[in-house]
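Structure assessment
Below are the chains, spelled out letter by letter.
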Amino acid sequence: MMRHLSALSCAILLAAAPAFGQSQIAPTPPMGWNSWNHFAEHVTDADVRSAADMMVSTGMRDAGYIYVNVDDTWQGKRDAQGVLHPNERFPDMKGLGDYIHSKGLKFGIYSSPGAKTCGGYEGSLGHEAQDAKMYAEWGVDFLKYDLCSFWDNRHQATAEHTNDPNAARDVMIAAYKKMGDALKATGRPILYSLCQYGVDQPWKWGPGVGAQMWRTTDDIDDTYGRMIAIGFSQAGLSKYAGPGRWNDPDMLEVGNGKMTTDEYKTHMSLWVILAAPLLAGNDLSKMTDIDKSILMNKDAIAIDQDPLGKQGDRLYQSADLDVWTKPLSNGRVAVGLFNRSWGERDVSVDLAEIGYNNGANLHDVWSQKDLGRRSDVFTATVPRHGVALLIVSK
Ligand code: GAL
């Protein structure tokens, strides 16, 4: 009897469990486009619809960029029942979601655990379940949840619990868990993306609050200095990533115009080696052929999206040079040979050191050329601020 009962309760539990798990929502790093880096607080419904159109016409969707995410500043006011309405720039969120879905894309939005978002719009504090339910009704597939005014709640917790050094961290984790639980309770698979700038090591508690990705740093901008400061600071985080849980060094700036082609190749190479979410942030109506060749390079995307789901890490660093590797499926390894100096440099990798004692086949991702079989040490001549990105196989 006991055995029957426990089998029955197991069956009930299994039936009650949501039909999706964390790793099923994001088995590989999420890819898409986000409005912030280009449109910032000026974004409108029309901008997002035309971005969705261009995700299709430029080939971005077919290259794997699926999410179309509206960032901050879509919100209007709450009514007497606490229902949050979008502002006049977003007349019909359900209609917008339907439009995005009709293009074979997914719909993302943005909120904050605080009372206000970073742009000063309505946050979700005290309305988590209500907002999550509304997102599900609108067909939302992705929520970016940005700390913003919740800094005040952290300070308040510290002031109220002077003997507890973890009070600010704990109140923040609880706030993120509240929304994670609310999203799960909707029954709709909604990817949960934490944005709190890496404060208190979210890679350690992100999965526990139901998140599939979490920002590891403060904001990126469209400069080489900021981009490499973020990208190369990710060393040591690889062990926290895997299917359904990704470190997020922030969105891509490729195509926004302030870096050189070699610098944007460095940006893309570093992000794919990091198994980072790839959220383009450019004006899709002004994509040049070079932007397209960087964002839609098939081999670079395949490194990011490799089914093994391993984040890469640093192998070697000197003053100007950085060598990073990422394990790939079928015994292959991606290698990034980075030159951070102001002049051309030779950058080398010892193939034996990365597991190929008897030589290996090399494929150059940016020139799209097979370099043939090599043994011992491979050296690339890399332009200033540039990279050689290789796929190495037996
Ligand atoms: C920042 C966030 C940015 C963007 C912005 C919107 O905190 O890191 O990615 O979302 O807020 O106000």
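Relevant structure appears above.
Let us look at the structure shown here.

What counts and how
Residues numbered from 1 in each chain as written. Predicted model: local features only at pLDDT ≥ 70, side-chain atom pairs only at ≥ 80, totals over all residues. Heavy atoms only, no water. Axes fitted to C-alpha atoms, helices over the stretch in contact; angles between N-to-C directions. Helix = DSSP H or I, 4+ residues; strand = E, 2+ residues; numbered from the N terminus. Parallel < 35°, antiparallel > 145°, perpendicular 65-115°, else oblique. Left-handed = near helix turned anticlockwise from the far one by under 90°. Contact = heavy atoms within 4.5 Å. 1 Å grid on protein atoms, 1.4 Å probe; cavity = no way out; pocket = protein on both sides within 12 Å on 5 of 7 lines; lining within 4 Å. Points joined across faces, edges and corners; volume = space filled by probe spheres on them. Nonpolar A, V, L, I, M, F, W, Y, C, P; charged D, E, K, R; others polar. Near = heavy atom within 4 Å. Polar contact = N/O pair within 3.5 Å; in protein donor to acceptor, adjacent residues only side chain to side chain.

The geometry of helix α7 (residues 128-138) relative to helix α9 (residues 167-185) is characterised by a closest axis approach of 9 Å and an angle of 40° between their N-to-C directions. Of the possible angle classes, the one that applies to α7 and α9 is oblique. For the pair α7 and α9, the sense of crossing is right-handed. Seen from α7, the contacting residues are E128, A129, D131, A132 and Y135; seen from α9, they are K178, M179, A182 and L183.

In the structure shown here, the tally under the stated rule is 1 cavity of 30 Å³ or more. The calculated volume of the largest cavity comes to roughly 70 Å³. Looking at the largest cavity, it is lined by 13 residues, and the ones nearest its centre are K144, S193, M213, D248 and L279. Put simply, the parts of the chain that give the lining of the largest cavity at least two residues each are β6 (142-146), β7 (191-195) and β8 (213-215). Tallying contributions element by element places β7 first for the lining of the largest cavity, with 3 residues. When the residues that make up the lining of the largest cavity are grouped by side-chain class, the tally is 6 nonpolar, 3 polar and 4 charged.

This next bit is on the site of the ligand. Around the ligand sit 13 residues in total, of which D71, D72, K144, D146 and D219 are the nearest. Within the side chain of D146, an N or O atom sits 2.8 Å from an oxygen atom of the ligand. For the ligand, an oxygen atom lies 3.1 Å from a polar atom in the side chain of R215.

All right, on to the layout of surface pockets then. By volume, the largest pocket amounts to about 230 Å³. As for the largest pocket, its lining consists of 18 residues, and the residues nearest its centre are W36, D71, K144, D219 and M251. At the level of elements, α3 (36-39) and β6 are the ones that each hand at least two residues to the lining of the largest pocket. Counted by class, the lining of the largest pocket contains 8 nonpolar, 1 polar and 9 charged residues.

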